[in-house]
Every structure is written in C-alpha cells, then in structure tokens.
Amino acid sequence: MGSERAERNVSQLGNGVVGILAETVNMWERRAPLTPSHCARLVLRGGRSTSGVNRIIVQPSTKRIHHDAQYEDAGCEISDDLSECGLIIGIKQPTLEMILPDRAYAFFSHTHKAQKENMPLLDKILQERVSLFDYELIVDDDGKRLIAFGKFAGRAGLIDFLHGLGRRYLSLGYSTPFLSLGQSHMYPSLAAAKAAVIAVGEEIATFGLPSGILPIIFVFTGSGNVSQGAQEIFKLLPHSFVDAEKLPEISAGKSLSPHYQSTRRAFQLYGCVITSRHMVSPKDPSKCFDKDDYYAHPEHYNPVFHERIAPYASAIVNCMYWERRFPRLLSTEQLQQLMKNGCPLVGICDITCDIGGSIEFVNKSTSIERPFFRYDPSTNLYHDDMEGNGVICLAVDILPTEFSREASQHFGDILSRFVTSLASTKGLLELPSHLRRACIAYSGKLTPLYEYIPRMRKTMIEMSPATANSLPDKKYTHLVSLSGHLFDKFLINEALDIIETAGGSFHLVKCDVGQSIDDMSYSELEVGADETATLDKIIDSLTSIANAHRGDPNATEISLKIGRVSERRIDDSMDKVGPKVLILGAGRVCRPAAEFLSSYRNIDINGCNDYNTDQVHVIVASLYQKDAEETIDGIKNATAAQLDVSDIGSLSNLVSQVEVVVSLLPASFHAAIARVCIELKKHLVTASYVDDSMSKLEQAAQGAGVTILCEMGLDPGIDHMLSMKMIDEAHAQKGEIKAFTSFCGGLPSPAAANNPLAYKFSWSPAGAIRAGRNPAVYKFLGEIIHVDGSKLYESAKRIRLPELPAFALEHLPNRNSLMYGDLYGISKEASTVYRSTLRYEGFSEIMAILAKIGFFDATNHPLLEETNRPTYRTFLSELLNVNDISPPNTKVNGEESRGHDDEVISRLMMLGHCKEKELAVKILKTIKFLGLHEETEIPKECTSALSVISQRMEQRMSYGHDEQDMVLLHHEVEVEYPDGRPAEKHQATLLEFGKSENGRSTTAMALTVGVPAAIGALLLLQNKVQRKGVIRPLEPEIYIPALEILEASGIKLIERVET
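Structural notes, computed from the coordinates.

Reading guide: rules and limits
Residues numbered from 1 in each chain as written. Predicted model: local features only at pLDDT ≥ 70, side-chain atom pairs only at ≥ 80, totals over all residues. Heavy atoms only, no water. Helix = DSSP H or I, 4+ residues; strand = E, 2+ residues; numbered from the N terminus. Buried < 20%, exposed > 50% of the residue type's maximum accessible area, 1.4 Å probe, protein only. Contact = heavy atoms within 4.5 Å. Areas by Shrake-Rupley, 256 points an atom, 1.4 Å probe, with all protein chains shown as cover. Pairing = 2+ DSSP bridges. Axes fitted to C-alpha atoms, helices over the stretch in contact; angles between N-to-C directions. Core = buried A, V, L, I, M, F, W, Y, C linked by side-chain atoms within 4.5 Å. Salt bridge = Lys/Arg side-chain N within 4 Å of Asp/Glu carboxyl O. Polar contact = N/O pair within 3.5 Å; in protein donor to acceptor, adjacent residues only side chain to side chain.

1. Some details on the overall build of the protein
Here is step 1 of the chain: Looking only at helices and strands, one finds 34 helices and 44 strands in the protein.
Here is step 2 of the chain: Split into buried and exposed, the 1059 residues of the protein put 55% on the buried side.
Here is step 3 of the chain: Excluding contacts between residues fewer than 6 apart, the proportion of contacts in the protein whose partners are at least 24 apart in sequence is 72%.
Here is step 4 of the chain: Surface summary for the protein: the accessible area is close to 45000 Å², and the carbon and sulfur share equals 49%.

Listed below in structure tokens is the structure:
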C-alpha cells in the first residue's frame, strides 16, 4: 500500500492538470486566480507540447466574477472533484477539508511568519504531504513582489471612503458632491468607478465645497502599492499635494471672519504623503531620524504624528505596514485629546485593516455591506451609524475583490506565467529560483528556508508597541540583528541553538527571508537572559559565528553579521578647524556646489583669517547617508551626513557647527531652515524664489543680523545679476531703459537635439507639457499683452543671436514678466519688459499641433479604460476621428502602400490642424518617432492622452548616456540718453554645456545653478555682503564679485554694446 501511495503521489505532482478552487472564505470573494482567457491560452499551449497544462478543472461557483459557462467555453472542465489535479490554485486560504493529500497548492497562506491563526492550516498541509507555494513569497531578484493586489485595495478603499465621507458630511449638515458616489462594487468596472469619481471632481471644480468643512486635507501614510492606488483615485479630484511642513499653513487658511467663512467656497482638496520620518522623532534631541536605527531600535523614538500631522488632517488614509514593536500611528488616548482640542478629523480609511494596530481604536474589521463604524472619543463608544459625535472608520479587509474583474485579470496575467512550471514540474529543484523560494513546504516537509517556523511558533508572544522588554521572564534583553544566508545555510538554526543552550530565550521580532538573487536574509531577535554575564556570553558566541566565516574564501556564500544599529556620526573631519559650509540636499545640483567650495582657497572671514586652514570644509547632508556619500565621492574637504531636516533638533545641531548654510532642497523646506539659521545667527543661501513664507522672515533676519540670500541660481540668479549689472551701468551713464528682454532655456546640445522636436527631457514630460500650457503676460511697446495658456505655443517667435548665428531658436513668453519691471526698478521707464523661454525653432509648432490633436488632454479617455487595451495606432485613429488607420507594410501591385502615412496627413489637414502638407509631414514624422503609430498595446498605467504621449516622450526623448545638455541665457537692454547721445543696445550672453570628466557627468543646468549658490556662500564667508534680511542678488555688492568669480570658474559671459 505504501508503494502504491508513493507512486500515486509521483504521478499526481507535475501531471499537468490544474484545479481552480471555489473561494469560500468570504461571501464577497469573487476573484479568480485565472480568468477564462488565461485558461484558454494555457490549455492551448499545453496541448501543443509534452509539458505544461493539459487540463484545467474548475470547481463550480455561482458568485465568481466569471461564470462557469465561460470557463467551459475556454476548454475547462467544471467539477467539485479536484482529485485528478496535481496543482490546485486559489486566492484565499481554503478550508481544511479542501486540502487533498499529495498535491501542490498555491494561494495566499499567511503562514511564513508563523501567524498564529493560520497554523492549523499549515499543520494540515504538512500532515497531508502537500507542497505549498505562497504568492506573497514570489518575488523578483530585487526582492519586489511579483503578485499582489495592493493597488486595487488602495483604489477600492478610497472610493468606498469617499462614499462614506459624503454621508458623514451630510449628517454634519453639509451637502457635498461625495454624496453621489457609490461604493466600488456598485460599478461594473474600475473605469466606470473612476468616471464617477471624475464626475464628483468636476462638480467640486465647478461649484466648490462648503466653507464650514475647509480645508479638506487627506493624509496618506506610506508610499507603497496600497498608497499609490489610493492616491491614484484621489488625483482624479481637483487637488494639490503639499509637504507635511505646509500643513499648519494650509490649515491656518480657515481662520477667517465668520461672514467670509459663510460665503467662501474651495475648489480643491489637499493631499499629503507621509512616511516613518514624519511619525516619530528621536528621544535624544541631539540625534536625527535614521530609518535603519528606527527599525532596529524603535524604543529610541517618540511618536509625533499626533502632534505634527494629525491636528490638521480631515482624513487619514492608512496604507503603511506596522509591527507591534513600533510606536502606534495614533493611540486612543492621543485621538481623544486631539478631538478635545478641536481637531478637524472626520474619518479614517484604514486600508491596512490592522486590528488593534497602528491606529489603536480600530478594534474590528468592517464588511463591504457595512463598511463603516463610528467611534466617539468622548465616550469611548462604538456605533454602527453615521450620525453623532466622533470619527467614522473604514476597515474592510477584502477590498480588492470589489474590482474582481480587473483584479483577477491583473493577477492572472502574472500567475499564468508561473502555472506551467508549477503544473508540469515533478521535482522542486527543477523549478526556477523565484518559485523555489516561494515553496514553504514540499511533499509535507518544510523547505530549508522555512524550517524556522516551528521555533518561531514556540516564541511568538504578544508585544505591546515599542516595548523595551518583550521577554517578561528574562531580566536582561538585547536586540540583535542577524543578516546573511540565515535560512538557506541553516545559520538561523545555529544561532538559535546558541541562545537556548546558554540558557537564554529569544523573540523573533522581524524576519525578512532572503528574496534577492543572493538569497540574503535579515532577522531581528530580542535575546533575553537572567544574568548580564549570560547575555554577554550569547552575544560573544553569536559574534564568533560571524568571525568564523570572515576569512572564508566563500564568505559571500555563508556570511553572518551581528549588529546593533547605532547612530550615524559625522566624520571626524568635522572637527577640523576652518570655515564650514553645510549643503542641504544631495541632488544633481549639489556636487558642482560642493566641488567649487571645497576647492576654493584663501577665505578671509570677518576681515581676518584666524583659521589654521585656507580651505572651506563642506558638509553635505541628505535624508539618506548613501546619497550624501555618493555626492562627495572624490571631493577633498567634504563630509557626508545623514539628516532629516524636519527634525529641528538635529538640523539645529548641524547648523550650529557651520558658518553658512546652502539649501538645495525644494522651496517648501526653506522657511523652516531659515528660522533655524536666524535663531542660530547663521547665513543661508537658496536658489529658489522668495515666496510669502520667506518674505515674512525679513524683520527677524534683520534683527538677528543674518543674510538670507535667495534666488541665487541660474533662473532666478545669474539672470538677476546680469540684468542688474546692465541696468545699473546704464543708469550710471544717465541713460533710461526703454526695453528689457530676456531669453533663457535649458536645451539639448546641438549634437543631442536629434529628434523632430529637437528637445530632451531631464524631468517629467507631463510636467513640462503642463508648464507649456501656463498663461503669460508681458509689456510690449507700452501695451500689456496677455497670452492664454492654450495659445502659448502658437505665440512663439523665431530669434537669431548675432553671437551664435548657428543656433536656430524660438522663444515663448514666460509667465508674468511685469513683476520683473518692478523688481529691477524699470517699470515706469521701460515700454517693453519681456521674459521668455528658449527652444529650438520648430518645437512650438509641433507641440501646438499635438495639443490640437488632443494628446495633451489630461482627462481619462474612455478607450483607455476598457479591459482590452488599445494599441497606439488604434488610439491615434480615435484622436484623428477615423475608424482605423490602414495597417503598415501592405502592398498594392507589388509596391508598398503609403496608405497609413497618407491617411494621417490627410486627416491632419482635413481637421484643420495643419494648413500645409509640409507641416503635416513634419507632424507625421514626430508621431512615428514617438511610436504613436505602432501596433503595440498601450500600458495599463496610461489612462489619458497626456499620459500616453508623456510615456512615449519619456522613453524616446530622454538624454542618452553620453549626451550633453546646454544652457543658454541672453539679455538685451535698450538704452536711450536724454542728452542726445545715440541709443544703445546692451547684450549679455551665457552659453554653457554639460561636461563629462573621469567618467562622471555634470549637466549644464546643475553647473549653472550649483556654482552661483556656492558663490553666494563664499561671499557670505568673506563678509562681502553687508545687507541683512531676506534678499536677492540685485545689489552691486553681490552681483559684481559674483559674476567675476563665475567667469573665473569657467562659466563664460559674453557682453557687447551696439549703437
């Protein structure tokens, strides 16, 4: 009998017969691991080969999104009996009775972390000699999960929450457009649900939202797939995303008079995405937030979400993974105090559905049919209605199934690639590595990667958040991190043996099983002992394991490291005596600034040089230490530091050690940084525009004797300095400015301008396209000219520069030029004030036609929301209003037809987009260059015409590895003299190309922004800037030496005067 059973087992595994389970875990579970179309393709392929999927048997289900008949039509068999199947697949865990012996199963088992509630299932699998593959553990070589529903959970969760938000606001006395939105499952498709959200957004944009609930601020936790899915829905509404530091300012906007509040409407919502650095702060004020340290030692951090974020949130969308050892996002006590203080929080969308987890009062999950409960913090009571005090909460744990059709399609698209191997392979070693790693048990035995599970089960205990001692039976504990080949080389078992043999105990706090190509793993153990000597002995023994392998030539294969995550310290070179400059940010612009400062000698500080060194020491600080280290690589007198600038204590500590700060971070950070600099009496330089938040610091900076030098980059920056030099020189000669024109552009070098648009993108094409739709205003010969954003490209004019006759250029008006007349003090005398953006000639003509075709439309297109993805050619046909564009390469009478090209040209002219055939041919060339005519399916991520063309532009119009960019700045100032001297035209031109030295490339844009900012810091170090407060580089004490140093550094400026 035993041999017969073994033979039957061998014959069943890998027999090519696949079974699909009927989902039983929840009445709403309608997803399927494979759709009928997936099954049809698998069976068809299997029938053509000796290995693969030969049959698919589907358990009948009357609630599955795809009917049984559809599976039958696809060639599947319908039967409750799956006994002939060697591989049985599902979505959720089956009941214990559904586990058949000697089979392979694949589903989300939730067992690999020894989850207590699922251990009976694992026991049944081992008892029945089953092979178990867990979808959650199928990852690529970089550790990224290949099969997941995260985005669908985020999408469904936010739609459901918006539905409930409308009801909640109504109960509070406010009618909002959210009220018309249904739950996700009420729509036949994701596209239909998105269309409904867009309709809500259009109503908000048209009629606004009531003043009494403003501002509406959504806070999203985390940045993974779940958060991305939720944000995807949120972005369908009129919105602005803001940094966490801006929340107090946004919230303060509601502090208006009662009369104004009663009539005011708002036409957008605000979104804010936060991560762990916004949620906690180090207990030691001298330290800054360190992600690695936080994950290893959460007890070293205090929760601050309830102080810095929650007081301003209308809705919290919780999408972030949490473990009990971490501080909670929001405790019940914190929420109660917040609501006492008048917090505007209306509801919580807990997509993670972490019961009793990061949001403590969420003590139960909700269902799709009853998705909300109401919690009243004042009474600590829970209610099932929407009316009354408190906050509403959504905590549905099966959200993706609300979009069962799309979720199943997405899931099956990936799973179908693996099913053939799983169904036809008889031995584990025959499977590819990503499937072997996902096998928890094989033929009833835990695989080596997961032999730790029984030992984990013995040590799993309930932990309170961030407790310092989670082993109550041991007096002394220590958190130890183990990394290396812990599971495939059995080192985890060796480590656990050492702990238990010594009389210690352990609790497995974190376990990341190695998923990379090198199978590296990471675990955190809380080790406990009754005596410190015992604990020390355990640590020493664990260390000996690591030391035993360090001299091994195969150490890369079997290595074990033991570490305690410690604070990051700035290099000892910080202690060197000498002038110090702190650069915040480690982007492209940073390196040219750091190189310039660290190589500049003979700094005279405050009129005397009392330093033992004649060089500046540069500290580059970034949120991630690695980024800062890469930035300063090879730069002498430079140090890397890790810094979270939102941690004011750590920022202050670093600022206190330097003379000048240069912030190359986004402008939203500058006000907070400036306040620290003012408090510590340190000068600050930025390359960003002066906004209201910076202007408000003028008096404080003056009082502290501090200079906050802003707009010290290229544009703004060099453009200011050249302008004021020319204007001041003309005024010094008693001249009057009659016209001021400025042209500036970041362009590809001529060699890199090798496409029909003669342009390359170094940033988001979508952002660049939107910028090209901004309105503009300028003064020309005394007349104020307004240009509508939709007509901006059509307003472009050609320009030729005498100094650069080979450049065929054009210019477009750049937003508001009039403010520069005021800034430069020439508004009353100049009849022309014009600032513009430069492009190569022909760019705007093509962009204008692409806009007319409809490629810049950001609204979701119905064709792109269908399940069957259109090709680029089909979408082009749709935009050109033709049934179809002829397929390419057809032949008529032996000659290749030009039907496709001719038809596109004909439609462009017929629709009035192009008046001349020559222009239509040029547009056709652009369309073909971008691949918008190809018979290739458009990716699912593209939902609008703008996203389609942006995706194509990003693919085909990015800079190549060896390609250079170019910066061109040209000013013209026309001067008249009252004493009869002939009028003059003063011109100044800057032309700079990107560089590549020693294998490292520096863009012209980074050079012309970073070096001026560094020069600003240098002038402050040399005490050459006497003016205090918030200033721009408009005064001679700044622009004269700055332009001289700029030229000396190799950035050439050409000046000439014509009469």
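2. Description of unusual backbone geometry
Negative phi characterises most residues that are not glycine, and trans characterises most peptide bonds.
Here is step 1 of the chain: With an omega of -10 degrees, the peptide bond running from Leu 214 to Pro 215 counts as cis.
Here is step 2 of the chain: Tracing the chain through its elements places Pro 215 in the loop between β7 (209-210) and β8 (217-221).
Here is step 3 of the chain: The phi dihedral of Arg 129 falls on the positive side, at around 60 degrees, and the residue is not glycine.
Here is step 4 of the chain: Its place among the elements puts Arg 129 in the loop between α4 (119-127) and β6 (131-134).
Here is step 5 of the chain: A relative accessible area of 27% places Arg 129 in the partly exposed class.
Here is step 6 of the chain: Of note, Asn 380 is a non-glycine position whose phi angle comes to about 60 degrees, a positive value.

3. Some points on the sheet that holds strand β18 (residues 391-394)
Here is step 1 of the chain: On the basis of which strands lie adjacent, the open sheet formed by eight strands has the order β9-β11-β8-β14-β15-β18-β16-β17 and mixed pairing. Only two strands of the sheet have a single neighbouring strand rather than two, namely β9 (239-241) and β17 (381-383). Across the sheet, the mean angle separating the axes of adjacent strands is 20 degrees when strand polarity is ignored.
Here is step 2 of the chain: Of the pairings in the sheet, the one linking β8 to strand β14 (residues 315-318) comprises four bridges and is parallel in character. Paired with Val 219 across the strands is Ile 316, a residue of β14.

4. Section: the sheet that holds β6
Here is step 1 of the chain: If you trace the eight strands from one edge of the open sheet to the other, you get β3-β2-β1-β4-β5-β6-β19-β20, paired in mixed fashion. Across the chains shown, the open sheet's two edge strands, defined by having one partner strand only, are β3 (77-78) and β20 (445-446).
Here is step 2 of the chain: Summarising the sheet, strand β1 (residues 17-20) and strand β2 (residues 55-58) pair through four bridges and their orientation is parallel. Each residue of the ladder has a partner; that of Val 18, found in β2, is Ile 56.

5. What to know about the nonpolar core
Here is step 1 of the chain: Ranked by internal contacts, the top residues of the largest apolar core, which has 110 residues, are Ile 56, Tyr 135, Phe 178 and Phe 218.
Here is step 2 of the chain: Examining the composition of this core, we find that nine residues originate from one element, helix α5 (residues 150-171), more than from any other.
Here is step 3 of the chain: Setting aside residues up to four positions removed in sequence, Phe 218 forms contacts with Leu 158, Phe 161, Leu 162, Leu 165, Phe 234, Leu 269, Tyr 270, Gly 271, Cys 272, Ala 315 and Val 317.

6. Observations regarding the pattern of salt bridges
Here is step 1 of the chain: On inspection of all chains with the given rule, the structure shows 35 salt bridges.
Here is step 2 of the chain: For the salt bridge of Lys 760 with Glu 963, the shortest nitrogen-to-oxygen distance reads 2.7 Å. With Lys 760 in the loop between β31 (736-748) and α26 (765-771) and Glu 963 in the loop between α32 (945-956) and β39 (965-976), this pair connects stretches of sequence that are 203 residues apart.
Here is step 3 of the chain: Assessed through its relative accessible area of 5%, Lys 760 is described here as buried.
Here is step 4 of the chain: The salt bridge involving Glu 841 is made with Arg 798; its shortest N-O contact spans 3.5 Å. Of the two residues, Glu 841 sits in the loop between β36 (832-840) and α28 (843-853) while Arg 798 sits in strand β34 (residues 797-801), which places them 43 residues apart along the sequence.
Here is step 5 of the chain: Relative accessible area serves as the criterion here: at 37%, Glu 841 is assigned to the partly exposed category.
Here is step 6 of the chain: Residue Arg 798 is classed as exposed on the basis of its relative accessible area, which comes to 54%.

7. Let's talk about the environment of Tyr 1039
Here is step 1 of the chain: Tracing the chain through its elements places Tyr 1039 in helix α34 (residues 1036-1048).
Here is step 2 of the chain: Relative accessible area serves as the criterion here: at 4%, Tyr 1039 is assigned to the buried category.
Here is step 3 of the chain: Sequence separation of Tyr 1039 and Met 724 is 315 residues, and the distance between their C-alpha atoms is 7.9 Å.
Here is step 4 of the chain: Non-local contacts of Tyr 1039, meaning those with residues more than four positions away in its chain, are made with Met 721, Met 724, Lys 725, Asp 728, Pro 1033 and Leu 1034.
Here is step 5 of the chain: Only 2.6 Å separates the side chain of Tyr 1039 from the side chain of Asp 728, close enough to count as a polar contact.

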